[in-house]
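Notes for the structure review
One-letter residues, chain by chain:
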Amino acid sequence: MKRRNLYTLILIITVAVIFAVGLSLLVFAQKDLSLHQNEKKTIFGGVYMTLNNPFYQIIDTEMRSLIEANNGILLTRNPSLNAERQQEQILELVDLGAKAIFVNPVDVDNIAPALIKAREKNVKIIAIDTNFPDNNLADCTIVSDNYLAGMQCGQHLLAHRNSAHIALLTHQQAMSAQERIDGFRNAIKDKSEFQVVATEDCLGQLELAMPAMEKILQEHPEVDVVMALNDPAAMGAVAALQHAGRLSGTSVYGVDGSPDVKEMIAHGAITATAGQEPRKIGILAVESAFRLLGMKNTLPQRFNIDQYNDQSVITLPTILLTRDNLSQHPNIGY
Amino acid sequence: MGKYIKIFIGLLILILAVIRFWPASPQVLTVAICADSYWGVPDGHPTAIWEKAIEKFQTQHPNVQVKLIAGVQKADYGEWLAERLLSGQEPDVFLIPREDFDNYASKEAVLPLNNLIEADSDFDTTLYYPVSLQSGQLGSTFYALPLESVPTLMFVNKTMLKDYQIPLPSPTWTWQDFYSICQQTTKDTNGDGKLDTFGAYGYTWQQAALDNNVLLFQTDGNNRIAHFEGLDLEAAIHFVRSLQELNQGYRPTARDFDLGHIAFRPLTFAEYRTYQPYPWRVKKYSSFDWDVVPFPAGPAGQNLSHVDTMLMGISRHSKNPQLAWELLKNFSYNREVQQSILTKSQGLPVRADILTDADSQISFQQSMGATNQNLTLSAVHTIMLQAISEPVFRQNKEAMEKANSFISRIIEENLPLNNNLNQLQREINSLLLQ
């Protein structure tokens, strides 16, 4: 074969390959023909560590109603505490065209790769109910003062007991939970009569908190105070204590302000909970996303976002709810 | 130049064919379920059973990779699946929402399973509860297999009955027994002139109709027929009205029930399974002792429960329907997987032989903890054998809303029935024809 003919053949093969690959991509590739694609609505994504916790259900509901009232769509995903699945879901939401994603991480130390990829595609990331170790991973963070929440529980304990054998129910992978426990520990740190005798991780889940508490009661029957990272864990502790006939005489603290725990505080089964404001967190998260995307909230503002002066981290104080002040704070918790 | 064009076209066809038909390796099956509990009760790890079943399947099929899609909440799952089906991107195997089954089956948007069933000598449909299996059928064609079923039962506040010295109803109790207990438990206990305890909450005319042998909707192939007339339905409406009259104008609330002030309330098996044992017991009804019994039989009926079933089907576009069938069968039919539902989920296995197994009774009791429950698996088995699954279809929701508003008004305002039900029947049947 002459050299010129060879070059021509190579050229034809190259063109044919490029043409065929291009054509196959057009014909065979899976295209997103979803209904949403045809709607001229702004897509938002929401990914929480688990929607088994009513706290995140409240945030999601609040965000959905505000987003939908402003011609947007909220696509919610629930990884059920599976960190790998959560990363896939973030990338799925990016592929579906989300302009902003509200994230509450399953594992705060391992979520960075998915967030970096999302941000490379100019997707805004709003962290919900937790800080990230690297604040640059989120465009905005809406969080309760988790350290204060733990501190308030600790201070209440100091004011109402002379000594305590304390069990901690924790969730090590969640930064917000770590901060609550840090706040509690710091409140009691100089008091030698107040000793932490046991710590168990329960992922903040009621059904895991009960066996964790049962284990503690078996190994440390002297426990008379429980500090739980959230209300579901506090209820799991109550289940174990009630089942073991140990509820009376044991003080249980939680964080959230859920309706069930408020009811239990009223009946004396739980001592106190540091009340958060999930509805406010949801509204401020959406307002922040709108601000970042240059959108305008057409509804009257329920909380003045402008007071936060473009802060990238908005921290909301918690209020300790006890039997004595429950009726004074009907809007704290949910 | 003609020679080069021929080479070009030949190469183009060859490359396109290779791209189109290049076998994927390893084979990938996708399966979709919702992220939260199908039964609407709290569950920290609702996908655990199916994840374990997938692991087992992959051990048996080492060249197959199964990808689980489980991020969408049940409330959004129907819309999510509809979008996937519309774009032809549905997973190979997927959960079919009960309310969409009729629509997808009638349009054959999911794969008919009859050929796969007939060709599978290891598959025996007689092992299923008929009520569970029939939920996945339209006419004589199977479009889905059942995964779990949940009957509705009657919650009974044992503490209240004990306080009033009333024995627990027997499994064959009647409306007469039910009314008598409600009469005895509707009382002003503190003498302030207001009633404090009540007989029943949430016992609807629809449940009363079922208990009196009235099936409001029936299907005959693709035809749907409504039954909103007749003496048995009239008796059900009169009975619900007589129960309400005991309350002297007060409308008991869910809170009255939660506080232990009401004797009876319909409850799903999933709620029973969740809230009877610890830890979730701490969240609901922990201040009194309670259990479940079958529904009371009306004069023309039996002690029947309504049952809901979780369904799963195969995509028409699945590249490997045989493999997808094996996976579906692994979820629905595998004895080990179905057995695990009894202890790890809040629903019931759909295979009848599991509930009658002596080991199942022991593991069920262990998973229910040390609670003082009356309900045995053999009683649940009897309930499942008699249970009814009313068809759910496109017009059904609208028809039920119409009927409910109409009949509730008759009950609330104490209106005479006369020929009102005949009129309702006509209106609903014409709605079904649309």
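All figures in this text were calculated on a predicted structure; none of them were measured in a lab.

A closer look at the overall build of chain A
When its secondary structure is counted, chain A shows 11 helices and 12 strands. Against the compact-globule benchmark of 20 Å for 334 residues, chain A has a radius of gyration of 25 Å, which places it well outside the compact range. In terms of its C-alpha atoms, chain A occupies a principal-axis envelope of roughly 100 × 50 × 35 Å. Among the 334 residues that make up chain A, the fraction classed as buried is 51%. Intrachain contacts of chain A at a sequence separation of at least 6 include 73% that bridge at least 24 residues.

Section: the overall build of chain B
When helices and strands are tallied, chain B shows 19 helices and 13 strands. For chain B, the C-alpha atoms occupy an extent of roughly 105 × 50 × 35 Å along the three principal directions. The buried share among the 434 residues of chain B stands at 43%. Residue pairs at least 24 apart in sequence account for 76% of intrachain contacts in chain B once pairs closer than 6 positions are excluded.

Let's talk about the packing of helix 8 (residues 206–219) of chain A against helix 9 (residues 231–243) of chain A
Residue and element names in this part refer to chain A. One can describe the packing of helix 8 onto helix 9 by two numbers: an axis separation of 7 Å at closest approach and a directional angle of 50°. Taken together, helix 8 and helix 9 sit at an angle that is classed as oblique. Crossing of helix 8 over helix 9 shows right-handed handedness. Taking contact as the criterion, the partners of L206, E207, L208, A209, M210, M213, E214 and L217 in helix 8 are, on helix 9, P232, A233, M235, G236, A237, A239, A240 and L241. Split into classes, the residues belonging to the contact of helix 8 with helix 9 amount to 13 nonpolar, 1 polar and 2 charged.

Regarding the pairing of strand 9 (residues 223–226) of chain B
Successive residues of a regular strand alternate their side chains across the two faces of the sheet. Residues and elements named next belong to chain B. Only one face of strand 9 is buried, namely the one carrying R224 and A226, since none of N223 and I225 on the opposite face is buried. Note: strand 8 (residues 217–220) against strand 9, 4 bridges, orientation antiparallel. Bridging from a neighbouring strand, Q218 pairs with I225 of strand 9.

Considerations on the sheet that holds strand 12 (residues 319–322) of chain A
Residue and element names in this part refer to chain A. Across the sheet, 6 strands lie side by side as 7-6-8-9-10-12; this open sheet has mixed pairing. Where the open sheet ends on each side, the last strands, each with one partner, are strand 7 (194–201) and strand 12. On average, adjacent strands in this sheet sit at an angle of 20° to one another, irrespective of strand direction. Note that strand 8 (residues 225–228) and strand 9 (residues 251–256) share 3 bridges and pair parallel. For V226, the partnering residue across the bridge sits in strand 9 and is V252. Helix 9 contacts strand 6 (164–170), strand 8, strand 9 and strand 10 (272–275) of the sheet and is inclined by roughly 155° relative to strand 9.

Notes on unusual backbone geometry
Put simply, Y278(B) and P279(B) share a cis peptide bond, and its omega is 5°. Checked against the element boundaries, P279(B) lands in the loop between helix 12 (269–275) and strand 11 (290–293). The phi angle at N122(A) is positive, at roughly 65°, despite the residue not being glycine. In this structure, N122(A) sits in the loop between helix 5 (112–120) and strand 4 (124–128).

Description of the domain arrangement of chain A
All names here are of chain A. Partitioning chain A into domains gives domain 1 (40–138 + 278–317) and domain 2 (146–276 + 322–328). A straight line from the C-alpha centre of domain 1 to that of domain 2 covers 29 Å. Each partner contributes to the interface: domain 1 provides 14 residues, whereas domain 2 provides 12 residues.

What to know about helix 6 (residues 146–160) of chain A
Given a rise of 1.5 Å per residue, 15 residues ought to cover 21 Å, and the 22 Å separating the end C-alpha atoms of helix 6 of chain A matches this to within 8%. Along helix 6 of chain A, the residues that are buried comprise N146(A), Y147(A), A149(A), G150(A), M151(A), Q152(A), C153(A), G154(A) and L157(A).

Overview of the confidence of the model for chain B
Confidence along chain B averages 91 in pLDDT terms, with 97% of residues attaining 70 or more. For this predicted complex, the interface score ipTM comes out at 0.81, alongside a pTM of 0.86.

Section: the pairing of strand 3 (residues 100–103) of chain A
All names here are of chain A. Burial along strand 3 is two-sided: the residues A100 and F102 and I101 and V103 are all buried. Bridge count between strand 1 (residues 42–47) and strand 3: 4 bridges; the pairing is parallel. Counterpart to F44 in the pairing with strand 3 is A100. By the bridge criterion, 4 bridges tie strand 3 to strand 4 in an arrangement that is parallel. Following the sheet pairing, V103 is matched in strand 4 by A127. Handedness of the crossover joining strand 3 and strand 4 through helix 5 is recorded here as right-handed.

Description of the domain arrangement of chain B
Residue and element names in this part refer to chain B. Under the domain assignment, chain B is made up of domain 1 (25–149 + 308–377) and domain 2 (151–306 + 389–433). The straight-line distance from the C-alpha centre of domain 1 to that of domain 2 is 30 Å. Every contact between the two is made by 25 residues of domain 1 and, on the other side, 22 residues of domain 2. Mapped by element, the contributors of at least two residues to the side of domain 1 that touches domain 2 are helix 4 (98–106) and helix 6 (130–134). The element best represented in the side of domain 1 that touches domain 2 is helix 4, accounting for 6 residues.

Rules and cut-offs
Residues numbered from 1 in each chain as written. Chains lettered and ligands numbered in written order. Predicted model: local features only at pLDDT ≥ 70, side-chain atom pairs only at ≥ 80, totals over all residues. Helix = DSSP H or I, 4+ residues; strand = E, 2+ residues; numbered from the N terminus. Rg over C-alpha atoms; globule rule 2.2 N^0.38 Å. Buried ≥ 20, exposed ≤ 12 C-beta atoms within 10 Å, placed from the backbone. Contact = placed C-beta atoms within 7 Å. Axes fitted to C-alpha atoms, helices over the stretch in contact; angles between N-to-C directions. Parallel < 35°, antiparallel > 145°, perpendicular 65-115°, else oblique. Left-handed = near helix turned anticlockwise from the far one by under 90°. Nonpolar A, V, L, I, M, F, W, Y, C, P; charged D, E, K, R; others polar. Pairing = 2+ DSSP bridges. Domains from an automatic or database assignment. Expected span 1.5 Å × (residues − 1). pLDDT = per-residue confidence, 0-100. Right-handed = clockwise from strand over helix to strand, strands pointing away.

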